[in-house]
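# Remarks on the overall topology
Now for the letters of each chain:
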Amino acid sequence: MLNKIVYIFIFSIIFIISCNKNNNILEKEKNTKIEESKFYLLNGNISGEKADMYLYVNEKNKKISGYYYTKDKKAMITGSINNNKLNLHELDENNNIHATISGNLSDDIAFNAEIRYDEINEVKDMQFNLNRNLPVYYADIVDYYKNDNISNSIFSYHRTILLFSKSSDINSNDMESSINYVKEECDNYYNEWKGLLYTGISNTTYEIDNTVNVGYIDNMIIALDNYSSMYTGEDNRTKSNIQEVFSLESSNLITIRDLINDFNNENLISLMRDKILKSGYTKEDYFEFNSITLESSSFRILPNAINFIWQTYDIAPYTVGITEISFTFDELKPYIREDSPLYYLFL
């Protein structure tokens, strides 16, 4: 079943496999940087409260980041790791530091630490271990960068490659194939950029960024967060923020039509509109506010909520940008299809 997902994810450069790894393919070219990180899915507790953790570890740069989730809280963590010793901060969505975390991450991915909230003089224990009960709990991550500048012209390219496995081994052929795919895409943009320079066009900027992260995993689904932005000229800037949700049983993509029972439900529309307006804009800031429904949005699954997202220009002009609202599972449950492959989340 996992091999089927290889073909579904290929356009996002996502593969699910279980083989051996060879680091020789991570060679650098001129103006190119390739960084390798690990993703681990952990579960455990914080002072006895159940929690899940999504952890990203860059061993070479000694950097570590990720999130932890409890029933009512999502918190970002970031910092350094040196000889298994952790020195981290807990941040909110505005990057404000709320706590410091110190402890240890063992070679077998056991996370043991103390989290200290100085403002309220509180210390909690954190204990997490690799969650081996799920179909996917480990990923090898490669970030491919290429940068160049000539006079006032700039080229910047970044793409994330994720390769999933049920062990810490990744097939070197799959890794090499993925990197070659990305290299070819990057070279196409780079040659186009250089071509403009050769024709005498100055101040030419190409900025391409495609980042993929793990958004959510359980025994039934895997959700991948895709962030992309592209700028290839003064009036040619695009951004998107999309999560793709796949069934681990059927390998099918799960869409919003598989989730919501009735997009025109008056109570759902009223709740949705209230949440949109709480984002800081007025009805007049949107194209046709009274015509907006969830049907034109995409959705993101989190361990404790579902967010709905409209991309730039979907329901509002560029000045408003991406619109995102959040529903708890309890709020959304009355409007979910009972035959939805995601209905189990609301039970």
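For clarity, every value in this text was computed on a predicted model and none was experimentally measured.

The rules behind the values
Residues numbered from 1 in each chain as written. Predicted model: local features only at pLDDT ≥ 70, side-chain atom pairs only at ≥ 80, totals over all residues. Heavy atoms only, no water. Helix = DSSP H or I, 4+ residues; strand = E, 2+ residues; numbered from the N terminus. Contact = heavy atoms within 4.5 Å. Pairing = 2+ DSSP bridges. Axes fitted to C-alpha atoms, helices over the stretch in contact; angles between N-to-C directions. Phe/Tyr/Trp six-rings, centres within 6.5 Å; stacked < 30°, edge-to-face > 60°. Buried < 20%, exposed > 50% of the residue type's maximum accessible area, 1.4 Å probe, protein only. Salt bridge = Lys/Arg side-chain N within 4 Å of Asp/Glu carboxyl O.

With respect to the helices and strands, Thr 205 occurs in strand β12 (residues 205-217). Not counting residues within four places of it along the chain, the set of residues in contact with Thr 205 comprises Ile 154, Tyr 231, Thr 232 and Gly 233.

As paired strands, strand β3 (residues 49-58) and strand β4 (residues 63-69) are joined by 7 bridges and run antiparallel to one another. Residue pairing across strands places Tyr 54 opposite Tyr 67, the latter belonging to β4. In textbook terms, the turn of a hairpin is the stretch between consecutive antiparallel strands, and for β3 and β4 this stretch comprises 4 residues, one of which, Lys 62, has a positive phi near 60°. Here 7 bridges tie β4 to strand β5 (residues 74-82), and the two strands are oriented antiparallel to one another. Bridge pairing in β5 places Lys 63 opposite Ser 80. Between β4 and β5, which pair antiparallel and follow one another directly, the connecting turn spans 4 residues.

Next up on the list: the sheet that holds strand β16 (residues 298-302). Spatially, β16-β17-β18 is the arrangement adopted by the 3 strands of the open sheet, whose pairing is antiparallel. Bordering the open sheet on either side are β16 and β18 (323-327), each of which pairs with just one other strand. Pairs of neighbouring strands in the sheet enclose a mean axial angle of 25°, with direction left out of account. Relative to β18, strand β17 (residues 305-310) runs antiparallel, the two sharing 5 bridges. Within β18, the residue paired with Asn 307 across the bridge is Ser 326. Relative to β18, helix α3 (residues 266-277) is tilted by about 125°, and along the sheet it contacts β17 and β18.

What follows deals with the packing of aromatic side chains. Enumeration according to the criterion identifies 15 aromatic pairs in this entry. Ring centres of Tyr 157 and Tyr 189 lie 6.5 Å apart, and the angle between their planes is 40°; this geometry places the pair in the tilted category. One end of the pair, Tyr 157, is in strand β11 (residues 153-165); the other, Tyr 189, is in helix α2 (residues 172-198), and 32 residues separate them in sequence. Judged by its relative accessible area of 1%, Tyr 157 is buried.

Before going further, it helps to spend a moment on the pattern of salt bridges. Per the counting criterion, the structure on display carries 11 salt bridges. The salt bridge involving Arg 300 is made with Glu 324; its shortest N-O contact spans 2.9 Å. Highlighted residues: Arg 300 in strand β16 and Glu 324 in strand β18, separated in sequence by 24 residues. A residue is classified by how much of its surface remains accessible, and Arg 300, at 4% relative accessible area, is buried. Salt bridges linked by common partners bring Glu 36, Lys 38 and Asp 140 together as one network.

Taken by themselves, the reported measurements are silent on function.
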